[in-house]
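Structure assessment
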Amino acid sequence: DGGITQSPKYLFRKEGQNVTLSCEQNLNHDAMYWYRQDPGQGLRLIYYSQIVNDFQKGDIAEGYSVSREKKESFPLTVTSAQKNPTAFYLCASSIEGGTGDTQYFGPGTRLTVL
Amino acid sequence: AQSVTQLDSQVPVFEEAPVELRCNYSSSVSVYLFWYVQYPNQGLQLLLKYLSGSTLVKGINGFEAEFNKSQTSFHLRKPSVHISDTAEYFCAVTGGSNYKLTFGKGTLLTVNP
């Protein structure tokens, strides 16, 4: 089955530690996205990538970093500089990243900072 | 810049009743509009989208939405809801050269027996 996988489903981190969230897709999509979801806030874009080896900051990129070395993978690192990292993180992909493209979402990773 | 306002943060209804979830948008360019559904602790699933053509769009699970350009609205409707429709619903907009999706804050639909 084609789709997007995110791992782990739940992640716990101590303050001051970096942590990497995995996102893999086998849909052969060019574009991939990372969103953060907080209760009552909707989804906010962290980073997006329309092609391998290229990515752009979204609306809330501070304290996060990404890489796009392979078409199917777009890992997100939450660094110690992110002041309030506890949230639900969603990865998505779309065919080309063009206007009107449907974004398909993974199941999410819930990060809790202890 | 684009923005989306979902007018109700929570909508409680009884099973088999009709429901309307309201969405208004703001944009200076032509828009594409989406409705997504999120079940607890899961990702988002596309319900329907409007790109062009007929302003009445039909989606999955019996939902439909109507694009109203003059009122800048894209309200989601279902004539008879089921318990299984209990979820959070998000309206989103993109358009022009801006291919980033802008989401509303969501509406929690709770269907009671």
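Along each chain, numbering runs from 1 in the same order as the chain's sequence is written. Throughout, the order in which chains and ligands are written sets their labels, letters from A for the former and numbers from 1 for the latter. Where totals are concerned, whole chains, interfaces and linings use all residues; where local detail is concerned, this predicted model gives features only for residues with pLDDT of at least 70, and gives and counts side-chain atom pairs only at 80 or more. Hydrogens and water molecules were not included; the side-chain quantities draw on all heavy atoms of the structure.

**Focus on the side chain of Asp85(B)**
All names here are of chain B. Let me state the cut-off plainly: In this description a helix means any DSSP run of H or I spanning at least four residues, a strand means any run of E spanning at least two, and both kinds are numbered starting from the N terminus. The rule is simple: take the accessible area with a 1.4 Å probe, protein chains only, and divide by the maximum for that residue type; under 20% is buried, over 50% is exposed, in between is partly exposed. Nitrogen and oxygen atoms within 3.5 Å of one another constitute a polar contact, given that in protein one can donate a hydrogen and the other can accept it, and given that sequence-neighbouring residues count only through two side-chain atoms.
Tracing the chain through its elements places aspartate 85 in the loop between strand 9 (73-78) and strand 10 (87-95). Of the residues examined, aspartate 85 reaches a relative accessible area of 3% and is grouped as buried. Within polar-contact distance, the side chain of aspartate 85 engages the side chain of lysine 78 at 2.8 Å.

**Considering the pattern of salt bridges**
All names here are of chain B. Quick note on the threshold: One speaks of a salt bridge when a side-chain nitrogen belonging to Lys or Arg is within 4 Å of a carboxyl oxygen belonging to Asp or Glu.
With the rule as written, the count across this model stands at nine salt bridges over all chains. Notably, a salt bridge pairs aspartate 8 with arginine 22, separated by 3.0 Å at the nearest N-O pair. Remark: arginine 22 occurs in the loop between strand 3 (19-21) and strand 4 (23-26) and aspartate 8 occurs in the loop between strand 1 (3-6) and strand 2 (10-14); sequence separation between them is 14 residues. Residue classification places arginine 22 among the partly exposed positions, given a relative accessible area of 33%. Salt-bridge contacts for glutamate 64 lead to lysine 58; the nearest nitrogen and oxygen are separated by 2.8 Å. Residue glutamate 64 is classed as partly exposed on the basis of its relative accessible area of 22%.

**Comments concerning the interface of chain B and chain A**
To be explicit about the condition: Should any heavy atoms of two residues lie within 4.5 Å, those residues are considered in contact. In this description, buried area is defined as the sum, over both parts, of the accessible area (probe of 1.4 Å) that is lost when the two are combined. Charged residues are taken to be Asp, Glu, Lys and Arg, nonpolar residues to be Ala, Val, Leu, Ile, Met, Phe, Trp, Tyr, Cys and Pro, and polar residues to be all remaining types, Gly included.
Every contact between the two is made by 24 residues of chain B and, on the other side, 25 residues of chain A. A buried area of about 1,800 Å², summed over both sides, lies between chain B and chain A, and 52% of it is on carbon and sulfur atoms. Of all residues in chain B, the largest losses of buried area upon contact with chain A belong to Asn41(B), Tyr99(B) and Lys100(B), amounting jointly to 34% of the total for that side. Put simply, chain B and chain A have one salt bridge between them. Taking the shortest distance from any N to any O, the salt bridge between Lys100(B) and Asp59(A) comes out at 3.7 Å. In this structure, the connection of chain B to chain A is made through five residue pairs in polar contact (both at pLDDT 80 or more). Here the side of chain B that touches chain A gets five residues from one element, more than from any other, and that element is strand 11 (residues 98-103) of chain B. Counted by class, the side of chain B that touches chain A contains 10 nonpolar, 10 polar and four charged residues.

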